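Overview (structure and organization)
Chain by chain, the residues:
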Protein chains: 2
Amino acid sequence: MSDEATIAAPSPAPPAPTGPPPKVTNRGRAAAPAASANSETSDIPEYEYFIQPGPRGYPPLTEYLDISEVDMMKRPDESNKIAHHTALYHSDYLIVRRGQEFQVKITFSRPYKPAEDKFALEFVIGSSPQFSKGTYVPVFPTKQRQTTWEGRITNTSDNVVTMAITPAANCIVGKYQMYVAVVTPYGIRRTRKESTRDILAFDAVFLDDETERQECVMTEMGIIYHGSYDDIAERDWNYGQFNYGILDSCLYIMDRAEMPITNRGDPIKIVRVASAMLNSRDDEGVLVGNWSGDYTYGVAPTSWTGSTDILLTYNSSKMPVCYAQCWVYAAVFNTFLRCLGIPSRVVTNYYSAHDNDGNLKTDIIMDENGKIDRNRTRDSIWNYHCWNECYMSRPDLPPGFGGWQVVDATPQETSDGMYRCGPASVQAIKHGQICFPFDAAFVFAEINSDVVFHSRRKDGTLEPVRVNRTHVGRLVLTKSPGDVTRRDITDQYKFAEGSTEERTVLEKAEEYGCKREKSSPPAADVDVVLPNLEISVGDNFELNVEFENKSDERRTVDAYISGSVVYYTGVAIEIFLYLTDKKEVAIVESKKYMKRLVEQANLHFIVTGKIRETGLIITAMKVVTLRNPKLIIEVSGRGKVSEEMIATVEFTNPFSFNLENVYIRMEGPGMMEPKSRYYR
Amino acid sequence: MSDEATIAAPSPAPPAPTGPPPKVTNRGRAAAPAASANSETSDIPEYEYFIQPGPRGYPPLTEYLDISEVDMMKRPDESNKIAHHTALYHSDYLIVRRGQEFQVKITFSRPYKPAEDKFALEFVIGSSPQFSKGTYVPVFPTKQRQTTWEGRITNTSDNVVTMAITPAANCIVGKYQMYVAVVTPYGIRRTRKESTRDILAFDAVFLDDETERQECVMTEMGIIYHGSYDDIAERDWNYGQFNYGILDSCLYIMDRAEMPITNRGDPIKIVRVASAMLNSRDDEGVLVGNWSGDYTYGVAPTSWTGSTDILLTYNSSKMPVCYAQCWVYAAVFNTFLRCLGIPSRVVTNYYSAHDNDGNLKTDIIMDENGKIDRNRTRDSIWNYHCWNECYMSRPDLPPGFGGWQVVDATPQETSDGMYRCGPASVQAIKHGQICFPFDAAFVFAEINSDVVFHSRRKDGTLEPVRVNRTHVGRLVLTKSPGDVTRRDITDQYKFAEGSTEERTVLEKAEEYGCKREKSSPPAADVDVVLPNLEISVGDNFELNVEFENKSDERRTVDAYISGSVVYYTGVAIEIFLYLTDKKEVAIVESKKYMKRLVEQANLHFIVTGKIRETGLIITAMKVVTLRNPKLIIEVSGRGKVSEEMIATVEFTNPFSFNLENVYIRMEGPGMMEPKSRYYR
């Protein structure tokens, strides 16, 4: 009907809505809603007649070839699992890689006659299988009839036929039901649904380098680097991507995200969704972030030693797991990716800038005398930040941007409305091509930002007085493949500082709207240097500040030393030291900083000053990582099979005070369940 | 503390979470949360001392220059509003365009002495104003001290100083508080906060063409095209972007989206957020979509005649408004954009394909005899679809992709996890550069998809038998600037069908993963043609199907005519006609299709057939728009000012049956509030 005389709603004036808006319906907008749950399955009829029933009803299809047994050949020792490198998975299904042939043994009621017998294997996924959407895939044994999945008969001996199937290299990743269907002139007759015949198609592994592939897909134990640039620490992690239930947890994560089944053939879309789902922000995802130091009602991020607990808990409780910080997000993400057969590794970026909207500056604000203004200094630089790299082609981008892609599940800033990051091509980042999806600009800023010291005038305006262009993104590390050593991959993210390539890249990035600090204030002719310190928790120590006069005239400096306890995110917890006199030695007493110490806290010293003669500003920054008292673990015996061992844990309290409420947590991957003990 | 001996949480084993996860805290992760509400303001102290209090406390700043009056010069007749083309806005604030100078009159307690008196205007937005983030902007009258916003004194007469301010062209769009601050040696003294001094910075208008700028920013009444390709219909719409309260509603929409204040200077980010917020999906946005034909508890989409009601209702109720279909989304989005000074227009695409995951095919499935399989045919083509174009530069993309950008608020498919679409560069779409954000690939498919007729084999596989490459995206229309005629802008979206450029573009798009139908099945040598029909609702009519034999041999066709009532989205409501004999004339009786008619429904005929001699398939499609009985409106008198007028509405029922429960809704923009009347 026309707009004028339309059959309008009872009340044409907009009613003041009460309660939530009416349930949204797809009716009229789309023919059918898109299937978005792998767990939902559809039942395919056992008999499907082509013909109308005759006077005597339908002819019995049982006259034709009958299937008495189907063997998925999924025992660990069998060709399928070995050829597909999936022998390590503990699961109830056959797991195969995309684009790689696997075999199925079918036992018929009588010998198979290629001439007259017609049969097909059918693979079905999701609730509304459609051939054109790749959710219903029949596979035929004959050359003449081939679909996106290839099929051929590799062996026939009396009643047993061995058929080889090659799933399309870009097929949907997930759990399929397999049917064997016999095609007769009157209709189709199939085997009943049986979960023992489910298969999981996984990602083919494109990574050429064999050692890297071993490391980034098959290796279950890993090392994650943390600490600070000049004092790198290591953390072992048990990724456990092959453990029982992990695979299902990964599928559940995609279902929970209501990711359309038809998108699940595309690794780009999969990792994008996962980077959002692994944190609990805005989608009830896997891990709740907590940097506060108060971990009541959850597990302290530093207590985790592996991903298995976390993923299984999420899958069973359907609730976000508490708590995580960046390396936990990266580690669990790594498990997800390796489990799906997407090569991945955890990388650590030292002095990682926390970008706010494509601005390449980290602002440190001082008053006119060069004294830090802690209240107005809002930006922070993470001492280190962990993210993931995953290896894939990028057909959605111009050639040359495939290979390693950055993905990050830590909720830092929202990307296009949700807490997620990537996949961003490492190549694109290195060459400043930050116009390509996803979030290349954000990652670019994390490793390329400048630290800008501003002097704040009385009228509230800021004047940049010093720019440090080399502090951020000082070092990017990952574990060496097939080895326990660290590997410096900084050069994969940026060209050498000061090189012409570097400048071109930064200019290119600016074309795409990355704002940088243009002004380059004159360098002062006095250097200030802070020493490297090795300090254990509880130590008192001296901080010697060196001033080096590079001019041949007299220089007087009004210097300020500010020391604070910072989280590894660089956010100040408490300022414990403030020297305004011109002493060159600051005495730091432990009781000053011990009060507000959280795990992984560091002491962050900033020296700023103004040269009287020239009025120029000098600055120096230093992060001092506090060494922790070590635990000494001794194990009795040589560790024979089925022989008990006793582990003694020794710990010496270095502090002048007594420790109270101490927890000790132990875990022996494969030997011992996580145990915890409490001491008064 | 170390990982080994960390002060762990009370229970190191993951507790089965109960209830929602703990409140997420930013503590430790970031120094301060990002401000994301324009409505939240911060109070700036009236006195800000630079010095420590002396023995007699602080010196009184009142000794210095005092401000007795501030005039924002916002009366419609004053220079500000005229120069900024904002005289039409009904609002309490001064509204200025970015990058354009505006003036403020300040009356001091005594004549202003440039030599000794120091003062500044301060513009503050959001809850945590920072100079470095552009949320606190001081503006100085002196050349020597300039910030991103320029200031100069244009006139001084005794106590009155007129100052001109030019906001940065990329400054944040939103509501600022303005303060006048006097800077003294001892501190700053400012005027108190006063809402009469609020200003709104709006977008500068980059569009060069004067007529287009008038149309796309200033014009309040518009025409939206609908109907079908060969029977175009028009709908008038009252955008009302200048109406009282609309501006605030637009700001509320951004606040409701919790859009970070610092992002609000970037039109790209603003329109991206708005395209998600204008539909209620996944973010409780402005409009609830409903295509079902049942509009109980809301307004039928066809009943709306303007945007004002909708936006005001949303702002006051804070609840999504019921109901919308594509043109309502596009119309209200248009109001939002024009209100913010972003040039925009509503465009209509005829035969708009509904893409599913970057696949460029619309599948129509037939059985082996060429008979349509309605159950298996899931894809649909919208008879028409409306979206918006907005004009802006795209610094985030390589040069050449600025200008008109497609944005679409209709919830069709999720883009990167939310129902939204764009901004996608029209240039990028035309040239197949669909790798650039945002959603260029989706829009590309809407206008370039192929219609593929598949013949479904008994074994479930599909064989493409006919491909129609010209049906989709047949015509793109918008209103001509400064005129009430329609303008064909199809050539801005694609090159001429069959041209070499067109082929190159499609190949380019395929490089970026747009899958198309490769096979080109042989064309049949028989054409089937459906006539153009002009049918009014309730007519019985004959459908003559012409078969043209282009070969010189005998041809026998087994043809099937399928007719269905479809929504404008192309989704079938009911199949009312199914002819399987070889008659060339189909009689269509109104009672067959009247039953399930909804407003804007069309009759959709598909003829398919198989040529016996060659086995080739022939197809034809036709959408017949039903003409509606017109209303005749007569108005008494010539319509003198303050003279009553009587409008008579006449309506003849063309149907053989009596109408019941009829509503008539009238509105006279500017003259009469929406009225509605009900007839039994």
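Below, the structure is looked at part by part. Note that the structure is a prediction, hence the values are computed from the model and not measured. (Residues numbered from 1 in each chain as written. Chains lettered and ligands numbered in written order. Predicted model: local features only at pLDDT ≥ 70, side-chain atom pairs only at ≥ 80, totals over all residues. Heavy atoms only, no water.)

Evaluation of the coordinates by the stated rule reveals 41 aromatic pairs over all chains. Between B:Tyr89 and B:Phe242, the ring centres sit 4.7 Å apart and the planes meet at 80°, which makes this aromatic pair edge-to-face. In this pair, B:Tyr89 is assigned in the loop between helix H1 (79-83) and strand E3 (94-97) and B:Phe242 in the loop between strand E13 (231-238) and helix H3 (246-256), connecting sequence segments 153 residues apart. Of the two residues, B:Tyr89 and B:Phe242, both sit in the buried class. Of the aromatic side chains, those joined through ring pairs into one cluster are A:Phe102, A:Phe123, A:Trp149 and A:Tyr176. Seen from the ring of A:Phe495, A:Lys430 lies directly overhead, with NZ or CZ sitting 4.6 Å from the centre. Sitting above the plane of the B:Tyr252 ring, B:Lys318 keeps its charged end 4.2 Å from the centroid. (Phe/Tyr/Trp six-rings, centres within 6.5 Å; stacked < 30°, edge-to-face > 60°. Helix = DSSP H or I, 4+ residues; strand = E, 2+ residues; numbered from the N terminus. Buried < 20%, exposed > 50% of the residue type's maximum accessible area, 1.4 Å probe, protein only. Lys NZ or Arg CZ within 6 Å of the ring centre and 35° of its normal.)

Here the focus is the sheet that holds strand E23 (residues 450-456) of chain B. All names here are of chain B. One open sheet accounts for three strands, arranged E17-E23-E24; its pairing is mixed. The open sheet has two edge strands, strand E17 (361-366) and strand E24 (462-468), and neither has a second partner. Recorded for the sheet is a direction-independent mean angle of 30° between the axes of neighbouring strands. In terms of strand pairing, E17 meets E23 through six bridges, oriented parallel. Directly across from Asp363, in E23, lies its bridge partner Val452. (Pairing = 2+ DSSP bridges. Axes fitted to C-alpha atoms, helices over the stretch in contact; angles between N-to-C directions.)

All names here are of chain A. Relative orientation of the contacting elements helix H3 (residues 246-256) and helix H6 (residues 326-339) amounts to 100°, with a least axis distance of 10 Å. With respect to their mutual orientation, H3 and H6 come out roughly perpendicular. Contacts between H3 and H6 pair Ile246, Leu247, Cys250, Ile253 and Met254 from the former with Thr335, Phe336 and Cys339 from the latter. Of the residues belonging to the contact of H3 with H6, the class tally is seven nonpolar, one polar and no charged. (Parallel < 35°, antiparallel > 145°, perpendicular 65-115°, else oblique. Contact = heavy atoms within 4.5 Å. Nonpolar A, V, L, I, M, F, W, Y, C, P; charged D, E, K, R; others polar.)

Moving on, we come to the pattern of salt bridges. Applying the stated rule across the entire model yields 52 salt bridges over all chains. Between B:Asp439 and B:Arg272 there is a salt bridge, with the nearest N and O atoms lying 2.9 Å from each other. On the criterion of sequence distance, the pair formed by B:Asp439 in the loop between helix H7 (426-430) and helix H8 (440-448) and B:Arg272 in helix H4 (residues 267-277) is long-range, its members being 167 residues apart. Of the charged contacts, one joins B:Lys550 and B:Asp527 as a salt bridge, the two residues approaching to 3.6 Å between their closest N and O atoms. Of the two residues, B:Lys550 sits in the loop between strand E30 (546-549) and strand E31 (557-566) while B:Asp527 sits in strand E27 (residues 526-529), which places them 23 residues apart along the sequence. Owing to a relative accessible area of 27%, B:Asp527 belongs among the partly exposed residues under this scheme. Taken together, the shared-partner salt bridges connect A:Glu212, A:Arg345, A:Glu389 and A:Arg487 into one network. (Salt bridge = Lys/Arg side-chain N within 4 Å of Asp/Glu carboxyl O.)

Right, let's get into unusual backbone geometry. Each neighbour pair has its own omega, and for A:Cys322 with A:Tyr323 the value is -5°, a cis peptide bond. Looking at where A:Tyr323 falls in the secondary structure, it is placed in strand E15 (residues 321-324). Here the phi dihedral of A:Glu258 falls at roughly 50°; this positive angle occurs in a residue that is not glycine. Summarising the element assignment, A:Glu258 is placed in the loop between H3 and helix H4 (267-277). With phi around 65°, B:Tyr297 is a residue other than glycine that occupies positive phi space. Its location among the elements puts B:Tyr297 in the loop between strand E14 (287-289) and helix H5 (308-317).

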